[in-house]
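Descriptive structure summary
For reference, the chains in residue letters:
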Amino acid sequence: MAQTRNPSRKARQKPSAIPFFQPALFERPIHPRSAISSNDFSVAEVRRILMAADALEREDPLRRAKRLAKRRVALLFYESSTRTRTSFELAAKALGADTTLVSSLSSSIEKGESLKDTGITLKALGAECIILRSPYSGAPYLLARATGLPVLNAGDGMAEHPSQALLDLRTILQHLGVRAAAVSETCLRGVTVTICGDILHSRVARSNELLLPRLGAKVILCGPPQLLPETAAGMMPGIAIERDFDAALEQSQIVMMLRIQAERLAGLQIDLDDYRSRYQASAERIAAHAPTAVILHPGPIIRGMEMVSEVADGPQSAIAQQVHNGVPIRMALVARALSGEKKGGRR
Ligand code: CP
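Presented here is an overview of the structure given in this document. (Residues numbered from 1 in each chain as written. Predicted model: local features only at pLDDT ≥ 70, side-chain atom pairs only at ≥ 80, totals over all residues. Heavy atoms only, no water.)

The subject of this paragraph is the overall build of the protein chain. Helix and strand content of the protein chain: 14 helices and 11 strands. Within the span of the protein chain, comprising 347 residues, buried residues form 50% of the whole. Taking as baseline every contact in the protein chain between residues at least 6 positions apart, the subset at least 24 positions apart corresponds to 74%. Carbon and sulfur atoms provide 55% of the accessible area of the protein chain, an area that totals close to 16,500 Å². (Helix = DSSP H or I, 4+ residues; strand = E, 2+ residues; numbered from the N terminus. Buried < 20%, exposed > 50% of the residue type's maximum accessible area, 1.4 Å probe, protein only. Contact = heavy atoms within 4.5 Å. Areas by Shrake-Rupley, 256 points an atom, 1.4 Å probe, with all protein chains shown as cover.)

Pasting the structure below:
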């Protein structure tokens, strides 16, 4: 029979008594200027980021390009992306940083290299900030702990997409005529935002749910039970579920449409004809129930499914403006991530 040994107090205190593998010893604290969740930002911090985005957008490009000259920013993308990847890269370059893109195709990720080892490798190559997109919820926390670098979450699984929520917020404020300097706990009081579609799988919905109610907005979640479980409304005060899209539209100044994330359905069966009839932003539905609402979509749009072209390209659509806002918001996030430090380590 195996015996359990009870080491003496002295032995327990000796360094040799510490097991060799202690993961905590190799983990670093999450860098305070990471952006992994919308909850990472206080309202004051959201205001500062939006004000910085405005200032950076206005700044003379030559002067702006000196801000992060010769600083190294790595983009690590394990999932496809058009808007987020391009705008983060353009943002970092506009600030003068050197950027490098590592994607799962054509890198050693294909050979099975772990996220942790990839992060450590990028750091050894001089990366001072890593922008990560991953299919795994929580991956940015692992990368941040493994490297100690500021990590900007460019979308992790079904969890969060905080830079998208910030650019959505900038778009909403522009339409409401609210200045960045006026962002507060009440600046969206009286504003209702409906988010409609595949809420369950949407990191965009999650990051907006965590941000908009803290600024006073009411958020209505709309979709069928398979894509919007009843429990979603319990996340925070200021969030409600409305299954009837027409009823939600009638209450809303802002309507954010989401695609069905086919890549994350995992066997879930959706009757697409029924879905379209209940939840599609059709021209007739928008004209009848939300003729003045601002229409948003994080992209990519599946035209003819959650939204028709007449709405996507129509006068109420602010979708191109959302995409445009990606660069200034991400300039602010990259500049924030690398502020207070210089090449070679923290000040
Ligand atoms: N909104 C968004 O995340 O789009 P991409 O997947 O193209 O980056």
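Here Arg-336 shows up in helix H14 (residues 319-337). A relative accessible area of 11% places Arg-336 in the buried class. With near-sequence residues (within four places) excluded, Arg-336 lies in contact with Pro-32, Arg-33, Ser-34, Ala-35, Phe-41, Glu-45 and Ile-49.

Inspection of the region around the ligand gives Ser-81, Thr-82, Arg-83, Thr-84, Arg-133, His-161, Gln-164, Pro-298 and Gly-299 as its neighbouring residues. Between the ligand and the protein, one listed contact pairs a nitrogen atom with a side-chain N or O atom of Gln-164 at 3.0 Å. Within the complex, 93% of the 250 Å² of free accessible area of the ligand lies under protein. Taken together, the residues that form the shell around the ligand break down as 1 nonpolar, 6 polar and 2 charged. In terms of domain composition, the shell around the ligand takes at least three residues from each of domain 1 (28-160 + 326-341) and domain 2 (163-262 + 270-320). (Near = heavy atom within 4 Å. Polar contact = N/O pair within 3.5 Å; in protein donor to acceptor, adjacent residues only side chain to side chain. Nonpolar A, V, L, I, M, F, W, Y, C, P; charged D, E, K, R; others polar. Domains from an automatic or database assignment.)

What the rule picks out here adds up to 14 salt bridges. The closest approach of N and O atoms between Asp-54 and Arg-170, which form a salt bridge, is 2.7 Å. Here the residue Asp-54 occupies a position in helix H3 (residues 43-58), and Arg-170 occupies one in helix H8 (residues 162-176), the gap between them amounting to 116 residues. Owing to a relative accessible area of 23%, Asp-54 belongs among the partly exposed residues under this scheme. In this structure, Arg-71 engages Glu-128 in a salt bridge whose closest nitrogen and oxygen atoms are separated by 2.8 Å. On the criterion of sequence distance, the pair formed by Arg-71 in the loop between helix H4 (61-64) and strand S1 (72-77) and Glu-128 in the loop between helix H6 (115-124) and strand S3 (129-134) is long-range, its members being 57 residues apart. Across this residue pair, the class does not change: Arg-71 and Glu-128 are buried. Each of Glu-45, Arg-48 and Arg-336 takes part in one network of salt bridges that share partners. (Salt bridge = Lys/Arg side-chain N within 4 Å of Asp/Glu carboxyl O.)

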